[in-house]
Protein chains: 2
Amino acid sequence: MKPRIAIGVDLGATTVKTGVVSSAGKILYQNKFPTNAQSGPPAVLKQIETSVSEALTHIDGKKAAGIGIGSPGVVDDDGVVKSPPNIAHWDEVPLARQLQKIFRRMRIRVENDANAAAIAESRFGAGKKFDNFLFVIWGTGVGGGIILNNRIYRGPSGGAGEIGHCSIDYNGPECNCGNRGCVEAYIGQRYLSRRTAEKLKSRPDSKILELVNGDLSKLEPMYLAEAAQKRDQLAREMLVEAGTLLGVAIAAVMNVMDLRVSIIGGGVSAAGGFVLDAIEQSVKSRVLKPLQSDIRVLQAQLGNDAGILGAAGLVL
Amino acid sequence: MKPRIAIGVDLGATTVKTGVVSSAGKILYQNKFPTNAQSGPPAVLKQIETSVSEALTHIDGKKAAGIGIGSPGVVDDDGVVKSPPNIAHWDEVPLARQLQKIFRRMRIRVENDANAAAIAESRFGAGKKFDNFLFVIWGTGVGGGIILNNRIYRGPSGGAGEIGHCSIDYNGPECNCGNRGCVEAYIGQRYLSRRTAEKLKSRPDSKILELVNGDLSKLEPMYLAEAAQKRDQLAREMLVEAGTLLGVAIAAVMNVMDLRVSIIGGGVSAAGGFVLDAIEQSVKSRVLKPLQSDIRVLQAQLGNDAGILGAAGLVL
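Throughout what follows, the structure given in this document is the object of discussion. Since this is a predicted model, take the numbers as computed values, not measurements.

1. Points about the overall build of chain A
Thinking step 1. On a plain count of helices and strands, chain A comes out with eleven helices and 13 strands.
Thinking step 2. Against the 2.2 N^0.38 benchmark of 20 Å for 316 residues, chain A shows a C-alpha radius of gyration of 20 Å, consistent with a compact globule.
Thinking step 3. Expressed along its principal axes, the backbone C-alpha trace of chain A runs to roughly 60 × 45 × 35 Å.
Thinking step 4. Per-residue burial over chain A gives 59% buried out of 316 residues.
Thinking step 5. Restricting to contacts in chain A with at least 6 residues of sequence separation, those with at least 24 account for 60%.

2. Brief notes about the interface of chain A and chain B
Thinking step 1. On the chain B side, the residues contacting the 39 residues of chain A number 39 residues.
Thinking step 2. Together, the buried faces of chain A and chain B total about 3,100 Å²; carbon and sulfur atoms form 56% of this surface.
Thinking step 3. It is A:Y170, A:V256 and A:R286 that lose the most area in chain A upon contact with chain B, and together they represent 23% of the buried surface on that side.
Thinking step 4. For the interface between chain A and chain B, the tally reads zero salt bridges.
Thinking step 5. Taken together, the connections running from chain A to chain B amount to 22 residue pairs in polar contact (both at pLDDT 80 or more).
Thinking step 6. Those elements that provide at least two residues to the side of chain A that touches chain B are β10 (142-148), α8 (233-257) and α9 (273-286) of chain A.
Thinking step 7. At seven residues, α8(A) tops the list of elements feeding residues into the side of chain A that touches chain B.
Thinking step 8. Per-class residue counts for the side of chain A that touches chain B are 19 nonpolar, twelve polar and eight charged.

3. Considerations on the packing of aromatic side chains
Thinking step 1. What the rule picks out here adds up to four aromatic pairs over all chains.
Thinking step 2. Between the aromatic rings of A:Y186 and A:Y191, the centroid separation amounts to 5.4 Å while the plane-to-plane angle is 65°, which identifies the pairing as edge-to-face. Summarising the burial analysis for this pair, A:Y186 and A:Y191 share the class buried.
Thinking step 3. Members of the aromatic cluster, each reached through a chain of ring pairs, are A:Y170, B:Y186 and B:Y191.
Thinking step 4. It is A:R236 that lies over the ring of A:F274; its NZ or CZ is 4.2 Å from the centre.

4. Thoughts on the pairing of strand β2 (residues 15-22) of chain B
Residues and elements named next belong to chain B.
Thinking step 1. β2 sits mainly inside the fold: seven of its eight residues count as buried.
Thinking step 2. Connecting the antiparallel pair strand β1 (residues 5-11) and β2 is a turn made up of three residues.
Thinking step 3. As defined by bridge partners, β2 adjoins strand β3 (residues 27-34) across seven bridges and the pair is classed as antiparallel. In the strand pairing of β3, G19 is matched with Q30.
Thinking step 4. Once β2 ends, the chain turns through four residues before running back antiparallel as β3, passing G25 with a positive phi of about 85°.

5. Section: empty space enclosed by the protein
Thinking step 1. By the definition in use, this model includes two cavities of 30 Å³ or more.
Thinking step 2. For the largest cavity, the calculated volume is near 40 Å³.
Thinking step 3. Around the largest cavity, the lining residues are A:C166, A:A252, A:V253, A:V256, A:M257, B:C166, B:A252, B:V253, B:V256 and B:M257.
Thinking step 4. Listed by contribution, the elements that provide at least two residues to the lining of the largest cavity are α8 of chain A together with α8 (233-257) of chain B.
Thinking step 5. Within this model, the second largest cavity holds a volume of roughly 30 Å³.
Thinking step 6. Forming the walls of the second largest cavity are B:Y186, B:I187, B:Y191, B:L192, B:R195, B:M238, B:E241, B:A242 and B:L245.
Thinking step 7. Every element with two or more residues in the lining of the second largest cavity is listed here: α4 (184-187), α5 (189-200) and α8 of chain B.
Thinking step 8. Broken down by element, the residue count for the lining of the second largest cavity peaks at four residues, all from α8(B).

6. Examining the state of the cysteines
Thinking step 1. Evaluated as defined, the whole model comprises zero disulfides over all chains.
Thinking step 2. Of the cysteine sulfurs around A:C177, a residue in no disulfide, the closest is that of A:C182, at 3.7 Å.
Thinking step 3. We note that B:C175 lacks a disulfide partner, and the nearest cysteine sulfur, in B:C177, lies 3.8 Å from it.

7. Looking at a positive patch on the surface
Thinking step 1. Judged by side-chain charge, A:R4, A:R107, A:R109, A:R123 and A:R151 come together as a positively charged surface patch.
Thinking step 2. The class for A:R123 is partly exposed, based on a relative accessible area of 34%.

8. Concerning the sheet that holds strand β6 (residues 81-82) of chain B
Thinking step 1. Pairing within the open sheet is antiparallel, and its three strands lie in the order β5-β6-β7 (chain B). The open sheet has two free edges, formed respectively by β5 (74-75) and β7 (92-93) of chain B, since each of these has just one partner strand.

9. Concerning the sheet that holds strand β13 (residues 296-299) of chain A
Residues and elements named next belong to chain A.
Thinking step 1. On the basis of which strands lie adjacent, the open sheet formed by five strands has the order β11-β10-β9-β12-β13 and mixed pairing. Edge positions in the sheet fall to β11 (151-153) and β13, since each has one partner strand and no second. The mean angle between the axes of side-by-side strands here comes to 30°, regardless of whether they run parallel or antiparallel.
Thinking step 2. The sheet contact formed by strand β9 (residues 133-138) and strand β12 (residues 261-265) spans four bridges and is parallel. Within β12, the residue paired with I137 across the bridge is G265.

Conventions adopted
Residues numbered from 1 in each chain as written. Chains lettered and ligands numbered in written order. Predicted model: local features only at pLDDT ≥ 70, side-chain atom pairs only at ≥ 80, totals over all residues. Heavy atoms only, no water. Helix = DSSP H or I, 4+ residues; strand = E, 2+ residues; numbered from the N terminus. Rg over C-alpha atoms; globule rule 2.2 N^0.38 Å. Buried < 20%, exposed > 50% of the residue type's maximum accessible area, 1.4 Å probe, protein only. Contact = heavy atoms within 4.5 Å. Buried area = accessible area lost by both parts, 1.4 Å probe. Salt bridge = Lys/Arg side-chain N within 4 Å of Asp/Glu carboxyl O. Polar contact = N/O pair within 3.5 Å; in protein donor to acceptor, adjacent residues only side chain to side chain. Nonpolar A, V, L, I, M, F, W, Y, C, P; charged D, E, K, R; others polar. Phe/Tyr/Trp six-rings, centres within 6.5 Å; stacked < 30°, edge-to-face > 60°. Lys NZ or Arg CZ within 6 Å of the ring centre and 35° of its normal. Pairing = 2+ DSSP bridges. 1 Å grid on protein atoms, 1.4 Å probe; cavity = no way out; pocket = protein on both sides within 12 Å on 5 of 7 lines; lining within 4 Å. Points joined across faces, edges and corners; volume = space filled by probe spheres on them. Disulfide = S-S within 2.5 Å. Patch = residues over 30% accessible without salt bridge, like charges linked within 9 Å, V, L, I, M, F, W, Y side chains within 5 Å. Areas by Shrake-Rupley, 256 points an atom, 1.4 Å probe, with all protein chains shown as cover. Lys, Arg positive; Asp, Glu negative; His and termini not counted. Charge placed at Lys NZ, Arg CZ, Asp CG, Glu CD. Axes fitted to C-alpha atoms, helices over the stretch in contact; angles between N-to-C directions.

This is the structure in structure tokens:
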């Protein structure tokens, strides 16, 4: 039996990346095109078409199992993509149907990008050994996906996994979403950067300042991760504090859903084991007794490839 | 075709109640025996046997679909009941297997009591119209069950639904479970009674004092509900505040699991529509935009019958 392959598309606000993926989770080829997100849905669709068509020329006559697309926004069961942030004029677009018209003989599946990354970790990454886990993406914002019995839990309308909007303080800071005290409002870019900027006033020796060339408006959680890797003390403190808060939300979800494993992806998770340790310690100290001894918080393994791999995983 | 019937057992710390239930969710007959919880598992098992055997004499030769049992504690897939609070010497008991030995020809199913009540509301009560909802029991503590696609979501080890231990303030009061700021630590008996007792000092005209005969140590959320029904202002204020806090935890679960409906049972929920309104308003103000317009918070319909009905529902 020949190894099966599939096309995986990682649709982002800046770039469309398409890969040819083996059933073992190897990216055999990949390309990258600008999304042209400011030009609206037809232009974006054109870029997806270009990227997929180009990738298809690299499959050497082998038969692809189909095309999977990971997209920002809420994706319903019919592959309709709703309100992806940072793509202009995109309210509701029946992406699966439109792509089916272009690639008539291919099987098409569309999934939310965080869910796709969760699927990737489940099939090919840190989640391979676990039937059930909570996947968290911690970058500019905080998103996630839930794997139950080795399948993505999408929820009744495809919106599940929004752990970033678990409130960890009902009286806490306002979040963009309208709620108060969402964990994203503590550890997402805006708040974490602001808190770090304040602390930097009394810690002018921090490497963080070098990384942003002294321009605090450029401060992103990613730079904290980078500075922490260079053993910057302030960056480590900030990330331990943030990880501890993330653990509060993860513990709540684990208690409600009876889960024991969380896999952390996104730029910040790459800062180092100390962040994962901080999250795990926080979760362990907060979950119900029967869960405590089995708690595992692990780093995602697939990094930037998770989008393409998870998308391909939809049809493999 | 004859209407099917089943035996439903509601195992509580004080009483064992067994009912003969029709497939339409009608309790055709029920009895009640003391649990003898202080005497340990064999004595409790004996009481279940007595109660079920007695109920079986009332089924008039009709064939029962089986025996369902709703039990406190975590119940695993094999019907092993772990650490039910308030039953002495009960660590892990294979309740399903032991009952099978006694009632050899009957189908036996055991489920956690909050899950059984959620199943009852789904099959016969306020949840009939909804495929997916979060069921909350608000009484002495705060528990719950999650219905997905008209089935109970048990989680990998049967422990799902513990919404009472969602932290709504990571820095909040300590909960019995070891976590901080659990919603149960705000609206469960201990904390809510303490807060009410404090307020009563400056509100000596409240009907709550009458209900507990001036003995504040007797204060339970149930009395708040009763006083509120008698239009006591302080009781209403306390319950609105508590309902608003419960809404914070419900909103977090809805965001993560993509749910829109919550059904509230337990003694406190009977206080009146104003409590449900307070919960609903809180949830609506906090969930993500795509969920907002569909949010429904409803009162459970089955009251004390939910235990028997849900247990019977396990085998109907």
